[in-house]
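Notes for the structure review
Chain by chain, the residues:
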Amino acid sequence: MLNKMNCLIIMIILLLVVSCDSTPPEKPREIESTPTSTPVEKQGDIESVAKEIAEGVGNVGNIYSDGEKGQVFVFGEYHTSQIGRLQTAVMLDRLYRKHNVKIIGLEGAMQTAQPISGDWFHNAGGDAAKTRREEVAVMMLSDGEINSAELMELVYSNVEVYGIELPDEYGVTLDVERSPRIMYLIAIAEKYSFSQAQIKEINDLIGQEKITETFELMLNADPWTKKYYAAINDGSYTSTRELVEQIDEIKERAHELNVQIDTKVAEEMEETRKFFDVASQRSRTMVDYVAENLIAKASGNPVAMIIGAAHTKEVLEELKTNNLSYAQITPIDLNPEYGSLTMEQFELKNQGKWAQTDLGSLGVLLNSDRNPPPMIETASGKSYASACLASMLLADLVYSGGSINPLPDELREQLLSLPELRVDVDSITTDGYDVIFRMWVKNTKNKEVEIWGRVGTTENEANETEGKTLENKLLGKISKKQQEVTNQTENSNSDGTNGQSLKLITLSQDKKAVFSKNEDVVVTHSTISG
């Protein structure tokens with residue numbers, strides 16, 4: 001039986017999915033450390049504030065209120081959860097408006113002396129475009145192109161978002177062919193004294209080439225491997241530090257039983273241990289930066305942290321060690337089946353590309369094959385936002401009864417001043433209330449791409465956007481995401497070419513658009529407005 005099992009072990013490939021962020025930027029600039037030994041002034045009751053801002057969108061977890069050096073609101077998230085990030089943005093907005101929280105530490109961004117800059121966006125299109133700018137930022141968050149901290153940076157000019165990671169730690173990735181922990185457990189399970197009935201069942205399964213069922217039976221027959229196998233499958237190990245301990249315990253068990261481990265599997269186990277060990281150090285690094293730098297920058301106000309859920313337990317321990325009070329908060333939809341990026345979309349984000357790549361979207365036209373810096377500071381990020389804003393401003397003009405011939409001077413200046421975007425004002429035409437125009441947008445290689453767009457206004461929603469607060473807009477997006485559980489293609493329209501379809505992109509509650517490199521595809525597309 002053992003020879004057959006060894007053959008099966010070689011055959012099986014159990015993938016370990018590891019989520020990492022994009023390639024880190026260059027070495028950070030020097031940071032001036034600020035002493036934090038002096039206790040801050042008395043702040044509000046952190047538990048009451050946490051419950052207030054989480055109402056309807058979040059869950060309050062662990063609270064520690066005895067810290068003397070400041071307060072930190074810790075938001076744990078799954079980076080793939082679009083709806084969860086929308087809910088976190090609602091809570092950040094409430095913290096900003098009601099409790100003066102303007103300093104945010106962001107996992108995945110590198111430590112630098114200056115915050116992530118959204119200055120280019122704050123006046124894009126002028127004062128008259130403020131509402132539309134907010135809607136562009138909300139759209140980008142809803143589509144998974146930016147995170148909740150980036151949204152706050154784009155919308156509020158006095159919010160400062162700081163990276164809290166170090167490149168040497170953040171750059172450690174895991175590239176293994178199989179899950180070495182599972183492969184170790186299978187090898188350990190082979191040493192178990194199976195009953196005659198179990199041996200017969202195992203042989204029967206092998207004879208039927210039911211590989212997965214064979215391993216399941218073996219792993220669950222041995223009480224020791226059953227415990228560890230269950231923990232790996234259900235995520236019982238809630239911190240990276242505990243994952244390192246788990247790996248050490250599995251290796252020790254294999255050593256005790258004199259289990260023969262394939263050299264490649266042993267190497268991958270060491271790589272996996274190193275990855276989780278560095279991830280544990282990242283938790284300490286992030287808290288140290290918050291404690292030594294961001295608390296002082298907040299001038300007596302609380303600070304927010306956005307981290308991956310796997311870091312939460314260790315981050316809370318380190319905050320307490322640093323004499324900081326904390327409130328742990330997670331979005332209600334932390335890791336839902338709906339309202340999330342697919343793993344393929346998330347991998348595009350890891351590579352610094354646009355997640356939304358449906359035919360007809362800007363993302364499919366702007367993605368390239370290299371890793372750029374964080375999106376809101378890139379030329380492509382600015383282009384993406386500017387293209388959406390230009391589309392909305394043109395549609396607003398036409399829907400309000402304005403004429404594009406000639407184009408009003410104010411709108412012409414708005415369009416020509418948008419960052420990293422060139423609009424061909426002579427190309428602008430109308431089809432009813434739809435606007436069709438040409439523009440040049442920067443892709444993720446910083447190269448200009450010629451794109452045609454058609455944008456229209458949905459009449460039954462055109463009067464529902466005025467006067468809405470940022471929170472209202474975010475809650476509206478959340479509601480729509482919750483209604484999209486099964487229908488992911490509801491807004492697809494045929495473009496009449498090769499049986500393919502352009503996806504109708506939602507720019508705001510009342511504006512929709514399609515984009516293509518092909519002028520004819522856009523011109524002949526069905527009318528959007530109405």
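Let us look at the structure shown here. (Residues numbered from 1 in each chain as written. Predicted model: local features only at pLDDT ≥ 70, side-chain atom pairs only at ≥ 80, totals over all residues. Heavy atoms only, no water.)

We now examine the sheet that holds strand β7 (residues 421-431). For sheets, the rule is that strands pair by backbone hydrogen bonds, running either parallel or antiparallel. In space, the 5 strands of this open sheet follow the order β7-β8-β9-β13-β12, with antiparallel pairing throughout. Across the chains shown, the open sheet's two edge strands, defined by having one partner strand only, are β7 and β12 (505-506). In this sheet, strand β13 (residues 511-516) lies alongside strand β9 (residues 448-457) in antiparallel orientation, the contact comprising 6 bridges. Following the sheet pairing, T457 is matched in β13 by K511. In the packing of helix α17 (residues 379-399) onto the sheet, contacts are made with β7, β8 (434-442), β9 and β13, and the angle to β8 comes to roughly 165°. (Pairing = 2+ DSSP bridges. Helix = DSSP H or I, 4+ residues; strand = E, 2+ residues; numbered from the N terminus. Contact = heavy atoms within 4.5 Å. Axes fitted to C-alpha atoms, helices over the stretch in contact; angles between N-to-C directions.)

Moving on to the environment of D520. Relative to the assigned elements, D520 resides in helix α20 (residues 519-523). By relative accessible area, D520 is classed as exposed at 53%. (Buried < 20%, exposed > 50% of the residue type's maximum accessible area, 1.4 Å probe, protein only.)

This brings us to the environment of A296. For A296, the position within the fold is in helix α13 (residues 263-297). Residues A296 and K69 lie 227 residues apart in sequence; the distance between their C-alpha atoms is 9.3 Å.

With respect to the helices, strands and loops of the structure, I451 is situated in strand β9. Taking relative accessible area as the criterion, I451 reaches 0% and is therefore assigned buried. Distance from I451 to R438, taken between C-alpha atoms, is 5.8 Å for residues 13 residues apart in sequence.

Counted residue by residue, β13 has 6 buried out of 6 residues, so it is predominantly covered. As judged from the 2 bridges shared by β12 and β13, these two strands associate in the antiparallel manner. Pairing of I505 across the sheet is with A513, part of β13. The loop that links β12 with its antiparallel partner β13 comprises 4 residues.

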